[in-house]
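# Structural overview
Listed below are the residues making up each chain.
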Amino acid sequence: MKVNDATMSRSSSLRFKVDGLDCQNEVRALRAAVGPLVGGDDKLSFNTQAGVMEVISESVPMVDAIQRAVATIGMQARLLGELQQQQPAPALLFRIEGLDCKNEVATLKREVGPLVGSEAWLSFDTGKGLMTVAPQRQATVDDIVGRVGPTGMRASFVEDGTAEAMLLRVQGLDCKNDVAELTRQLGPLVGEDKLAFDTAQGMMTVAPQSRAALDAIQEAVERTGMRAEPWSAPAVSRGAPAPAAVPVGPASGGAAEALNSPLPTRLAGQVVFRIHGMDCADEIAALKREVGPLVGEAKLAFDLLNGRMSIDMTPDAALESRVEKAVARAGLRAEPWIEGGTSEAAQAEERRKRLQSWLTTASGVFTALGFAIHAWLGGSIIAAFEAGEHGSGATPLPSVALYTLAVLGAARYVAPKAWLAAKRLRPDMNLLMMVAVAGAIGIGAWFEAATVSFFFALALALEAWSLGRARRAVAALMELAPPTARLKLEDGSEHDVPAAEVRVGMHIIVRPGDKVPLDGRVAAGESEVNQAPITGESVPVLKAEGDEVFAGTINGEGALDIVTTKAANNTTLAQIIRMVGSAQSRRAPSEQWVEKFARIYTPVVMALAIAIFLAPPLLLGGAWDVWFYRALVLLVIACPCALVISTPVTIVAALAGAAKQGVLVKGGTHLETPAHLKAVAMDKTGTLTEGRPQVVEIVPLGGRNETDILGLAAALEARSGHPIARAILAKAEEFKIAAEPAEAVQAIAGRGVTGRVAGREIWLGSRRYLAERGISSDTVLQQADALSSAGRTIVGVGEGQEVWGLVAVADAVRPEARDIVTALHRAGIKHVVMLTGDNRATAEAIAKQTGIDEVRAELLPADKVVAVEDLVRRYGTVAMVGDGVNDAPAMGRANLGIAMGAMGSDAAIETADVALMSDDLSKLPWLVRHSRATLTVIRQNVAFSIAVKLVFTALTVIGLASLWGAIAADVGASLLVVLNGLRLLNRNQTSIQQGGPSGGLGVPAQPHQVPTMTGTAHAR
C-alpha cells in the first residue's frame, strides 16, 4: 500500500495508531525500528497518551514498510485517516481431505507456508483434518486451494454466512488433556464441531459461528486455568522482514528494505534483560536477593553463558524500571535484551573486561617485581617468602609500594562487590578475599596480600575465559551458515547479498562446494548435500527438485536453485542456536545443588575462620598472630571458585558438544535425565520403522509373472497420491516398468480402484474388496490371509472374477533397529517397550525382529499416556521416543521426551526435551553415555575441589599452609576442573566403541542392505 504522492506536500506527514504505545520504553523501540526507514528518529514524534506515532519525511516511505517495522517489536500500527478504513484480514479455515498425520502437515507447510508468509501462519488439527491460515493479505482462498491440490490432498473452505473463523493462541495448551478440558468448557458455547486444536503450537481455532463472541470464548478458556489471546504475527527480529508483506517468487527485489536495526526481544509473557557484569554464581545470588522480592524468585531465570536474565511477567514499564534499579543495587547493570545488537552499555562492558584483564596482568607484574626487589634487598628468596608468614622481617619500602599497586590493580573490581556483600551481611567470595587481603596487610604480610589479590583476579579471569570458551563453542554453530547468499533476480542475473536480507520465496543459487545459507526447497538442479553439520550423519544425501535443504549444510558437486522457505533468523540452524544459547538457564539438578551448597558453605567457613582465630589463643594459649594468619589462610582456601565455576561450564560444554552432533538437549535438567533412565518407550511408525509403506512381496497367480502384476497395478495407481499407490509406483520404477496410466479410472472409497488398461477392465483392491467382488478361490483367500496375518497390507489385482496376483505392502523396519535395542540394553536400560496404534499381529512381528521387551498395541493417544504412566510407576525414570508431534501427550508424561528426525520440524524441536535432528537411532544409546559422562565429570570436579580444600584446611590447622600456597592451589584447582569440563565439547561420537552416528554404541555400522519388512494394515 503506497500513499498517493499527489495528495502529499513535499514535507509529508503520516499518523499511525500504535497498539501498546503508552510509555518511553515503546518509544525507544519504535525509534530504533522505524527511524532508519524514514531518515532518522528525528523524523518521528509520539503521543503516548493517545498511542499515536507521527512520521514526517520529505520522501514518503511505503506505509507497509513502516507497519512491518513496528510488527518486529510485537506491536501493530494502523494508518489514521482515509487509508485506515481497510478492515483487518480474517483467519481462513480449510477442511483438508487426506490430512491425518505429520507427513501431510510437513507437505502443507512446505507448499502453503511460503504462499501466506511462512509456516508460522499455519495451524493444523490432524484429528479433524483442518488447516487454519492466520490473518494475512498475501493469498486468497482460491490461491490456497490451488496450492494444496498438487500435494494429492484437497482443500475446501469452511464458511458460515458472514461469520469469520477465530484463531487464538492459548497459553498452557500443550497436550490432549488440555484439549479435553477446553472442549468441555467451549463445546456447549460454540459446538464441539466448531473447535480445532494444534497442541504443538498452542493454537485453537473456532470455526465460523454466531453463537458466541470473542469475550465469551476467552472467559470460558480462563475457567480452565488457561488464557486465550487473538493470534498476532510473531515478532521478527533483526534482519527478518515481516511475512505479512513478503512477495513470493524470484521477482521479489528490494532486499535492501530488510530491517537491520537491532530490536529489543520480547517473548510472550516474558521480559528479558542483558546483565552487564554477571560472570559467576555470586552475581546470580545477589540478583536473586535484590530482584526476587519484586517479582518472585520462582519467576527468575538466568543464562550465565549469555549474561541474560529472564522474568516470567507481562511487560510493565514501571516494574521494569524498578527491576533495573534493583540490579544496580546488586552492583550490576541491566538493559533490555537486544537480539544481535551491540548497545553502548555492551561496548562499555567490553571495555571494562579489557581493563580488568590489563589490571590483572599489571597486578601479576607488580607482584613479581615486588618479590624480586624484596629477595634482592633481603638477601634471599626464602626471606621474601617468609617475611610476612613468620614475621621474620620487615618488607622493604620499594616492595611495599609495588605490592600495594598489585593489590589496588587486582581489587579494582572486587572491592565494590565485597563492600555490597558486607553492607547486606551476605558474605560471598569477594568478601572472603578482601578480608584475607586486609588481614594480611594488617600483619605486614605484603607478599601474601599481593599474591592473594593477583591470584583471585586471575581466578576471575579464568572464570570469564571458560565462559568465553563455551560461548565460542555456541558461536561456532552460527558460523555454519554463510553470512551471504547468492540471490537470483527475475532477469536471471545473480549477485551476493547478506543472508539476513533474503526474504521468504526468493531464489538463491548454491554453487558446488558452498554452504547452504538458508532453509529452502530445491527448485532446480540435483546434488548430494552433506548434512553432518546439522544431523551428524556422515553420508551425504541426494537432493533433487522438491527436496528440502537446510542452512549450514554443505553442497556437493552440483549447483542448486533453491526457493527460500524461512528467513535467516528462523532457520532450523537458528532455532538450534537459540535453544543451545538459552538451555543453560534451565539448570541441571547438580548445578542447583552446587549453588545451594555454596550459599551455605561461605558463611560457615567465615564462622570457622573466626573460631580458628579465637579458640586456640583463648582456650589453649596460642599466639594471636599465628592463629590470625592461619584463619586468613583458611578464608583463602575456602573460596568456592573451583566448585562453583566447574558445573555450569561442564553443562554448557556438554550441551554444545551434543548440538554439534545433531542432538539438541533443551537444558541441563534434561541432560542429566538420560543417565538415570531405566525404561524406554518407543512409538513404532517413524521410530522403529521407516514410516512409509514399501512393496515387500509380489505373488503372481495363474502363471503370470511379477512384472505383469506390477505393471497393471502401476497403471491403475499412476495418478494417485495414496501412500500405497506411491509404494507401488516406486517399486515399478525400481523394476524399470514404464506403465501408461489407465483410462476411465474410478476410485472405490476405502477399498480400491478400477480402470481400463489396454482395452481390458482391470481392478485393484484390498482384502475386503476381494470378498465384496465375490472372489471364492480358497487358494487365493488363504494366501491373502497368510500375508495379512504377518502384518502386511494386501492389494489384489485382477480382471472380472479372476485374481491375477497379490501385492504385499508393509512398513520397513529400520535396518539398525535391532542392534540399537541391544545397545540400549548394554547401556543399562532394563526395559524397551513399543507403543503403537497398529494391530497386534504387526506389532508382535516387529518386536520379534527388533528384540523389543514388551509390546502394547492398538493404543489411542490417551492409551499411550496411560501406558507411559504405568511404566513410570514400575521403573521410575522413563523416556518416550516419538515424532514430537503426534506423540506429544505421551512424551509429556514421560520423564524425558525424545523427538526423532526433528530437522525441518519446528514443532518437534519446540515440544521435545531432546530432539534428534536426524533419524539416526544410534544417537539414543550415545545420549545415555554422554549424559553419564557429563555426570561423571561433574562428580570428579566437585570431589576434586572439595578434596583440595579439605587437604589445605588440615594443613592450615597444623601450620603447614601459607596464603600464597592456598590461593595458588585454589587457582590450580579451578583451571583443572574447567579444562576437565571442556573435554565434553569434543567427545568422539563416531567410534564403534563409544557410539554415534556411524555405528551406535557398541554396534557395528550397518552396510547397505535391503531392509527387513513388516507391515501395518491400511484401509484402502
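Residues numbered from 1 in each chain as written. Predicted model: local features only at pLDDT ≥ 70, side-chain atom pairs only at ≥ 80, totals over all residues. Heavy atoms only, no water.

Of the regular secondary structure elements, the chain holds 32 helices and 38 strands. With 1020 residues in all, the chain has 54% of them scored as buried. Considering only contacts in the chain between residues 6 or more positions apart, those separated by 24 or more positions represent 70%. Accessible surface for the chain amounts to roughly 42400 Å². Of this, 54% is attributable to carbon and sulfur atoms. (Helix = DSSP H or I, 4+ residues; strand = E, 2+ residues; numbered from the N terminus. Buried < 20%, exposed > 50% of the residue type's maximum accessible area, 1.4 Å probe, protein only. Contact = heavy atoms within 4.5 Å. Areas by Shrake-Rupley, 256 points an atom, 1.4 Å probe, with all protein chains shown as cover.)

To continue, consider the sheet that holds strand β27 (residues 679-683). Pairing is mixed in the open sheet, where seven strands are placed in the order β26-β38-β37-β36-β27-β34-β35. Strands at the two margins of the open sheet, each flanked by one partner only, are β26 (663-665) and β35 (854-856). Looking at each pair of strands side by side, their axes are set apart by 20 degrees on average, direction ignored. Bridging between strand β34 (residues 831-835) and β35 involves three bridges; their strand directions are parallel. (Pairing = 2+ DSSP bridges. Axes fitted to C-alpha atoms, helices over the stretch in contact; angles between N-to-C directions.)

Looking now at a nonpolar patch on the surface. A grouping of I610, L614, L618, L619, L620 and W624 is seen on the molecular surface, where their side chains present a nonpolar patch of about 690 Å² in accessible area. Examining the composition of the nonpolar patch, we find that five residues originate from one element, helix α17 (residues 589-620), more than from any other. Structurally, L618 can be placed in helix α17. Taking relative accessible area as the criterion, L618 reaches 60% and is therefore assigned exposed. (Patch = residues over 30% accessible without salt bridge, like charges linked within 9 Å, V, L, I, M, F, W, Y side chains within 5 Å. Salt bridge = Lys/Arg side-chain N within 4 Å of Asp/Glu carboxyl O.)

Right, let's get into the pattern of salt bridges. In total, this model carries 20 salt bridges according to the counting rule given. Its salt-bridge partner being R184, residue E181 comes within 2.3 Å of it at the nearest N-O pair. In this pair, E181 and R184 both sit in helix α5 (residues 176-190), three residues apart, roughly one turn of the helix. The exposure class of E181 is partly exposed, given its relative accessible area of 24%. We note a salt bridge from D785 to R767, for which the minimum N-O separation is 2.8 Å. Of this pair, D785 sits in helix α25 (residues 778-789) while R767 sits in helix α24 (residues 767-772), placing them 18 residues apart in sequence.

Here D125 is to be found in strand β6 (residues 122-125). Within the local environment of D125, its side chain forms a polar contact with the backbone nitrogen of K128, the two atoms lying 3.2 Å apart. Among the polar contacts listed, one links the side chain of D125 to the backbone nitrogen of F197, at a separation of 2.9 Å. (Polar contact = N/O pair within 3.5 Å; in protein donor to acceptor, adjacent residues only side chain to side chain.)

What follows concerns the UniProt feature "transmembrane region" (unreviewed entry) in the chain. UniProt records the feature "transmembrane region" (unreviewed entry) for residues 358-385, 397-415, 427-446, 452-468, 600-619, 631-656 and 942-961 in the present numbering. Taken end to end, residues 397-415 is 84% helix and 0% strand, and its two terminal C-alpha atoms sit 24 Å from one another. End C-alpha atoms of residues 600-619 are separated by 27 Å, and the span's content is 100% helix alongside 0% strand. (UniProt positions renumbered as here; feature names shortened; annotations may be inferred.)

On to the nonpolar core, then. Grouped together as the largest cluster of nonpolar side chains are 49 residues, with contacts concentrated most on V663, V665, M682, I898, V914 and L924. At eight residues, helix α31 (residues 923-957) tops the list of elements feeding residues into this core. With near-sequence residues (within four places) excluded, V914 lies in contact with V663, L664, V665, K666, L896, G897, I898, A899 and L927. Ranked by size, the runner-up nonpolar core spans 39 residues in total, among them L460, A631, L635 and A969. (Core = buried A, V, L, I, M, F, W, Y, C linked by side-chain atoms within 4.5 Å.)

Moving on: the sheet that holds strand β21 (residues 527-530). Reading across the sheet, the three strands line up as β22-β21-β24 and stay open at both edges, with antiparallel pairing between neighbours. Since the sheet does not close on itself, it has two edges, and those belong to β22 (541-543) and β24 (554-555), each with one partner. Pairing analysis gives three bridges linking β21 to β22, with the strands arranged antiparallel. Its bridge partner lying in β22, S527 is registered against K543.

Relative to the assigned elements, A139 resides in the loop between β7 (130-133) and α4 (141-148). For the pair formed by A139 and V116, sequence separation is 23 residues and the distance between their alpha carbons is 5.8 Å. Residues in contact with A139, not counting those within four places in the same chain, are L115, V116 and I144.

Turning next to unusual backbone geometry. Although it is not a glycine, K736 adopts a positive phi angle of roughly 60 degrees. Position of K736 relative to the elements: it lies in the loop between α23 (723-734) and β29 (743-748). Using a relative accessible area of 74% as the deciding quantity, one classes K736 as exposed. Backbone geometry places A758, a non-glycine residue, at a positive phi of 55 degrees.

To continue, consider the packing of helix α13 (residues 429-442) against helix α18 (residues 624-637). Two elements in contact, α13 and α18, have axes separated by 9 Å at closest approach and are oriented at 155 degrees. Between α13 and α18, the crossing angle belongs to the class labelled roughly antiparallel. α13 and α18 meet at a crossing whose hand is left-handed. In contact with L432, M433, V435, A436, G439 and A440 of α13, α18 contributes F628, L632, L635 and V636. (Parallel < 35°, antiparallel > 145°, perpendicular 65-115°, else oblique. Left-handed = near helix turned anticlockwise from the far one by under 90°.)

For the rest of this paragraph, the subject is helix α1 (residues 24-38). Taking 1.5 Å of rise per residue, 15 residues should cover 21 Å, and α1 covers 20 Å from first to last C-alpha, within 8% of that figure. If you look at α1, its biggest bend is around 35 degrees, right at A32, and the proline P36 turns up within four residues after that. Within α1 the residues assigned to the buried category are N25, E26, V27, A29, L30, A33, V34, G35 and V38. One or two steps after α1, the chain reaches G39, where phi turns positive at roughly 95 degrees. (Expected span 1.5 Å × (residues − 1). Bend = angle between axes of the 7 residues up to and from the residue.)

Bringing α23 into the picture now. An α-helical turn contains 3.6 residues, so a residue and the one three or four places further along point in the same direction. Compared with an ideal rise of 1.5 Å per residue, which puts twelve residues at 16 Å, α23 spans 17 Å between its outermost C-alpha atoms and is within 8% of the ideal. Regarding α23, the residues found buried are I724, A725, A727, I728, K731 and A732. Burial along α23 is one-sided: seen end-on, the buried residues are contained in an arc of 160 degrees. For α23, the exposed residues lying more than 90 degrees away from the buried face are E733 and E734. One or two steps after α23, the chain reaches K736, where phi turns positive at roughly 60 degrees. (Arc of directions from axis to C-beta.)

Tallied over the full model, the rule gives five aromatic pairs. Relative to F157, the ring of F94 lies with its centre 5.6 Å away and its plane at 50 degrees, an arrangement referred to as tilted. Taken as a pair, F94 in strand β5 (residues 92-97) and F157 in strand β8 (residues 154-157) lie far apart in primary sequence, 63 residues in all. Residue classification places F94 among the buried residues on the basis of a relative accessible area of 0%. Judged by relative accessible area, which is 30%, F157 ranks as partly exposed. With centroids separated by 5.4 Å and ring planes inclined at 70 degrees, the aromatic side chains of F613 and W624 adopt a geometry described as edge-to-face. Here F613, found in helix α17, pairs with W624, found in helix α18; they are eleven residues apart in sequence, far enough to count as distant. (Phe/Tyr/Trp six-rings, centres within 6.5 Å; stacked < 30°, edge-to-face > 60°.)

As a further point, take the environment of A817. When you line up the elements, A817 lands in helix α26 (residues 817-826). Separated by 29 residues in sequence, A817 and I846 have C-alpha atoms that sit 9.8 Å apart. Those residues in contact with A817, other than ones at most four positions away along the chain, are L688, T850 and L921.

For the chain, per-residue confidence averages 76 on the pLDDT scale, and residues scoring 70 or more make up 77% of the total. Scored below 50 in pLDDT, residues 235-268 makes 103 contacts in the model with residues more than four places away or belonging to other chains. Scored below 50 in pLDDT, residues 989-1020 makes 106 contacts in the model with residues more than four places away or belonging to other chains. (pLDDT = per-residue confidence, 0-100.)

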